[in-house]
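# Observations on the three-dimensional arrangement
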There are 2 protein chains.
Amino acid sequence: MVSGSPPAGASRDEANALALERLVRSDPVLVDVRPAGEVVPGLAPNTVLTSGPPHPFTAYDDGQRDAIVYGAMYEGLASDYDDGVRKFESGELRVGACHDYGCIGSLAGIYTPSMPVFVVENATYGNRGYCNFYEGESHRRLNYGCYGEDVRRNLLFIQDVLAPAIGEAVRRAGGIPLKPIMRRALHMGDELHSRNTAATLLFTRELFPHLLELGDREAVRKTLAFMKDADYFFLRLSMASGKVTADAAHGIPGSSLVSAMTMSCRGAAIRVSGLGNRWFEGPHPSLQGKLFEGYTLEDTAWMGGESLINETVGLGGFAQAAAFPLQAYQGGSPEAMIRMNLEMYEITVGEHPEFHIPYFGYRGTPVGIDVFKVVETGITPCVDAGLAGRDGGQIGAGVLRIPIECFRDAAAAYEEVHGPVRVPAEHERTAP
Amino acid sequence: MVSGSPPAGASRDEANALALERLVRSDPVLVDVRPAGEVVPGLAPNTVLTSGPPHPFTAYDDGQRDAIVYGAMYEGLASDYDDGVRKFESGELRVGACHDYGCIGSLAGIYTPSMPVFVVENATYGNRGYCNFYEGESHRRLNYGCYGEDVRRNLLFIQDVLAPAIGEAVRRAGGIPLKPIMRRALHMGDELHSRNTAATLLFTRELFPHLLELGDREAVRKTLAFMKDADYFFLRLSMASGKVTADAAHGIPGSSLVSAMTMSCRGAAIRVSGLGNRWFEGPHPSLQGKLFEGYTLEDTAWMGGESLINETVGLGGFAQAAAFPLQAYQGGSPEAMIRMNLEMYEITVGEHPEFHIPYFGYRGTPVGIDVFKVVETGITPCVDAGLAGRDGGQIGAGVLRIPIECFRDAAAAYEEVHGPVRVPAEHERTAP
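Residues numbered from 1 in each chain as written. Chains lettered and ligands numbered in written order. Predicted model: local features only at pLDDT ≥ 70, side-chain atom pairs only at ≥ 80, totals over all residues. Heavy atoms only, no water.

### Examining the packing of helix H5 (residues 149-173) of chain B against helix H8 (residues 217-228) of chain B
Residues and elements named next belong to chain B. The N-to-C vectors of H5 and H8 enclose an angle of 100 degrees; their axes lie 9 Å apart at closest approach. In this view, H5 runs roughly perpendicular relative to H8, as classed from their interaxial angle. Residue-level inspection shows Phe157, Val161, Leu162, Ala165 and Ile166 of H5 in contact with H8, the latter providing Ala219, Lys222, Thr223, Phe226 and Met227. In the contact of H5 with H8, the residues fall into 8 nonpolar, 1 polar and 1 charged. (Axes fitted to C-alpha atoms, helices over the stretch in contact; angles between N-to-C directions. Helix = DSSP H or I, 4+ residues; strand = E, 2+ residues; numbered from the N terminus. Parallel < 35°, antiparallel > 145°, perpendicular 65-115°, else oblique. Contact = heavy atoms within 4.5 Å. Nonpolar A, V, L, I, M, F, W, Y, C, P; charged D, E, K, R; others polar.)

Below you can see the structure in the form of structure tokens.
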């Protein structure tokens, strides 16, 4: 979080304008790749992080609970599943919430101290954020609640080969600015949540000249081969970017803009810039999606997810009209994507000056979700997301809507502090 | 050209179906990079190639004439401009038409024997085609009728550094299939004529593991730096692909499909699959465009262009709804791009089974221009293109329409051979 306040006595509009400015002026730069335990402030060796608001271990069930315990097993903190459960229940092992550690979780969002993380710095405001690595194209991944020799091997490859090579290249490059990559990827069919194909390529190209100089040629070959097959690779970088961007807009007194949205096995939750670190929790999102062969929507399971930080900063579902190729992955039609994307302008306070949608004549993406606009219009944020299955693994992708309850509770909490917020009548809103 | 005929007594529809099959089943693979003089069949050491139907030297004027003479100067065949003119006029130097040599010219389309070319082979039908290299981002380029120390230095860099490095990488790779790159680039904002950003990136990624193995590290660094700044790089590969594809569909008796469209300083011209090597010439295209700062449409000049081979095979203007980001480069609105793209379905006989437009719900691009459909509907092919200025150099980009006269003449020539072609009445065409 970044210190900064609107002028004393500032209105909600003024506070939101300041939060918006921080959302759009943030400048995420990838500065390093390091083991989480070395760089994530306060991450103790006995701690596993996961997606969603902080909860005690016993609050997690099904796939998310599995993923947490599997994380402990991967880290060597538990000899088997039962041992892991016992140690979490006894307090010997601890579970933490990613957001509390400057991290941001993809799906179950499991972080252990030895896992490498991207270190992203906000060059404008100085704050840092972290995200770990995409596990590759296998549907069986730890962050989708799976574990086994295959999952472990992938994670070790990332830890021992991929992350050191990329880390050295990044340090040789003196850091890699991520905003120019994201800006450009939006003109190449990405919305930077469920489609990261162009951004991954652009990032790879930034790395090339530096990978060329590395001594371990075999590691470079393996790194390139992995990244070539991993169109999703950049997602973790857009998420770390989203985290440092949203964090910079958090903590502005009087602002009613959303500064984080998250999910766990217990439901969705949002945080509001001017309302401290309180999470406003609601039920699970509603869901439309496209399932991989052999699955139906009934097979989906909720095990967390914080990649919707990208929607919080004007990407993903808020930029889906930049990414018509997404149809093939998450279903829907171009018409539906355009309609949903346009709706997002109804619940935001600004248009991004650097992230543009070519199909909208290069209009800026909608950014800065105001909880009062959501409550007033009944339009909830739409989120592009991967879908997990009951038995773990990815089984599809789709569009979620974050439940209105989160926004109603947040609006009520805001009014408790600041008094009633006058919502403009319909005829005032539609006037030019 | 590829041998192959429809069954004896086949109808126009059957001949067109065969030509269409060849257009969509062609499989261009980059197999080598070599000096034109080594690989282009029949290219004599005293010959300069240029865009458009074959003409005597005296038929070329202004920018195209300049470009031809500059080509001779670059090749060391002329000591200065006047010397070059004298030698072309005396017959000591000769000018040839790119298409007659298996080559395909970008704008003025100048080829000299020492210039490196991409060697592209049609893996399905066995024919080969050639295209030389993009000169880089400078607006002053030989193919835009410019010459000087700057232009010469760029061309020498391509010849001495870039082409050898890329050639070695391509040979190490055992050839690089281009169709998968083009297929994918259409989902990443390219239409592969005026936008090649994604294809260039995808091609670079294919090269990289092989560049990594090259001995001359400095050449690799320079090659990567050049390609990073050259979003247009892949155009020459899509053009060579278009050439081997269209050539495979040429020479099918009874087919009325267009197998090439070209431009020179004298006007536009088309060739038809079933009508041999005759060019049907017409006036210059009509033009809508966006000029670089300081220019107007009155400053544009015609000095040739054969990149519209890409439209001939279902790309470029025929896929522009895949490339809304083009607005920023060549003007127009998404609505206009969609409308023009849809029009192209009216004058073609098929939809490409592998080239898809995400905005049209992954509908295949319109492919196989039938001269009779053009004449009947009055809809002329639209072409995305760079624009040259009166004083040389690129001054903008825009959308051209190839004049109807070319198609009328071709249709008349077809009917002279095959008798009257019955054009379906309006109510027959619009019936389901």
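### Description of the pattern of salt bridges
A complete count under the given rule lists 42 salt bridges over all chains for this structure. Among the salt bridges present, the one from aspartate 83 of chain A reaches lysine 87 of chain A, with a minimum N-O distance of 3.0 Å. Residue aspartate 83 of chain A and its partner lysine 87 of chain A are both found in helix H4 (residues 81-90); the two are separated by 4 residues, about one turn of the helix. Its relative accessible area of 18% is what places lysine 87 of chain A among the buried residues. Ionic pairing is found between glutamate 206 of chain B and lysine 228 of chain A, a salt bridge with its closest N-O pair at 3.0 Å. Remark: lysine 228 of chain A occurs in helix H8 (residues 217-228) and glutamate 206 of chain B occurs in helix H7 (residues 197-211); the pair is interchain, linking two chains. (Salt bridge = Lys/Arg side-chain N within 4 Å of Asp/Glu carboxyl O. Buried < 20%, exposed > 50% of the residue type's maximum accessible area, 1.4 Å probe, protein only.)

### Brief notes about the relation of the copies chain A and chain B
Superposing chain A onto chain B takes a rotation of 180 degrees combined with a translation of 0.1 Å along the rotation axis, leaving an RMSD of 0.0 Å. The two molecules are tied by a two-fold rotation axis, judged by turn and shift. The rotation axis passes nearest to the C-alpha of methionine 188 of chain A in chain A, at a distance of 2.2 Å. In this assembly, 100% of the residues forming the interface of chain A have copies in chain B that are likewise at the interface, indicating an isologous arrangement. (Least-squares fit on C-alpha atoms with pLDDT ≥ 70 in both.)

### Observations concerning the packing of aromatic side chains
Across all of its chains, the model carries 37 aromatic pairs over all chains by this definition. Ring geometry for phenylalanine 324 of chain A and tyrosine 359 of chain A: centres 5.4 Å apart, planes at 85 degrees, overall edge-to-face. Here phenylalanine 324 of chain A is found in the loop between helix H10 (309-312) and helix H11 (327-330), whereas its partner tyrosine 359 of chain A is found in the loop between strand S12 (348-357) and strand S13 (363-369), with 35 residues between them in sequence. What links up through ring pairs into an aromatic cluster is the set Phe324, Tyr345, Tyr359 and Phe360 of chain A together with Phe324, Tyr345, Tyr359 and Phe360 of chain B. The ring of tyrosine 345 of chain A is capped by arginine 363 of chain A, whose NZ or CZ atom sits 3.5 Å from the centre of that ring. (Phe/Tyr/Trp six-rings, centres within 6.5 Å; stacked < 30°, edge-to-face > 60°. Lys NZ or Arg CZ within 6 Å of the ring centre and 35° of its normal.)

### Let's talk about the sheet that holds strand S1 (residues 28-35) of chain B
Residue and element names in this part refer to chain B. Ordered in space as S5-S4-S1-S6, the 4 strands form an open sheet in which the pairing is antiparallel. Among the strands making up the open sheet, the edge pair consists of strand S5 (128-132) and strand S6 (176-177). As paired strands, strand S4 (residues 116-122) and S5 are joined by 5 bridges and run antiparallel to one another. By the bridge assignment, phenylalanine 118 is partnered in S5 with cysteine 131. (Pairing = 2+ DSSP bridges.)

### With respect to the sheet that holds strand S8 (residues 267-272) of chain B
All names here are of chain B. The sheet built from 3 strands is open, its strands ordered S7-S8-S9 with antiparallel pairing. Only two strands of the sheet have a single partner each, and these edge strands are strand S7 (258-264) and strand S9 (280-282). Mean inter-strand twist for the sheet, computed between neighbouring axes without regard to direction, equals 20 degrees. In this structure, S8 lies alongside S9, joined through 3 bridges in antiparallel fashion.

### As for the pairing of strand S5 (residues 128-132) of chain A
With 4 of 5 residues buried, S5 of chain A lies mostly within the body of the structure. A loop of 5 residues connects strand S4 (residues 116-122) of chain A with S5 of chain A, the two strands running antiparallel in sequence, and glycine 126 of chain A in this loop sits at a positive phi of about 85 degrees.

### Observations concerning the interface of chain A and chain B
In this assembly, 31 residues from chain A lie in contact with 32 residues from chain B. Interface of chain A and chain B: buried area, both sides summed, is about 3,100 Å²; carbon and sulfur atoms make up 62% of it. Applying the counting rule to chain A against chain B returns 6 salt bridges. Between aspartate 231 of chain A and arginine 184 of chain B there is a salt bridge, with its nearest N and O atoms 2.4 Å apart. For the pair chain A and chain B, the number of links is 15 residue pairs in polar contact (both at pLDDT 80 or more). Elements that contribute at least two residues to the side of chain A that touches chain B include exactly helix H7 (197-211), H8, H11 and helix H12 (334-343) of chain A. Top element by residues in the side of chain A that touches chain B is H7 of chain A. It accounts for 7 residues. Of the residues belonging to the side of chain A that touches chain B, the class tally is 17 nonpolar, 5 polar and 9 charged. (Buried area = accessible area lost by both parts, 1.4 Å probe. Polar contact = N/O pair within 3.5 Å; in protein donor to acceptor, adjacent residues only side chain to side chain.)

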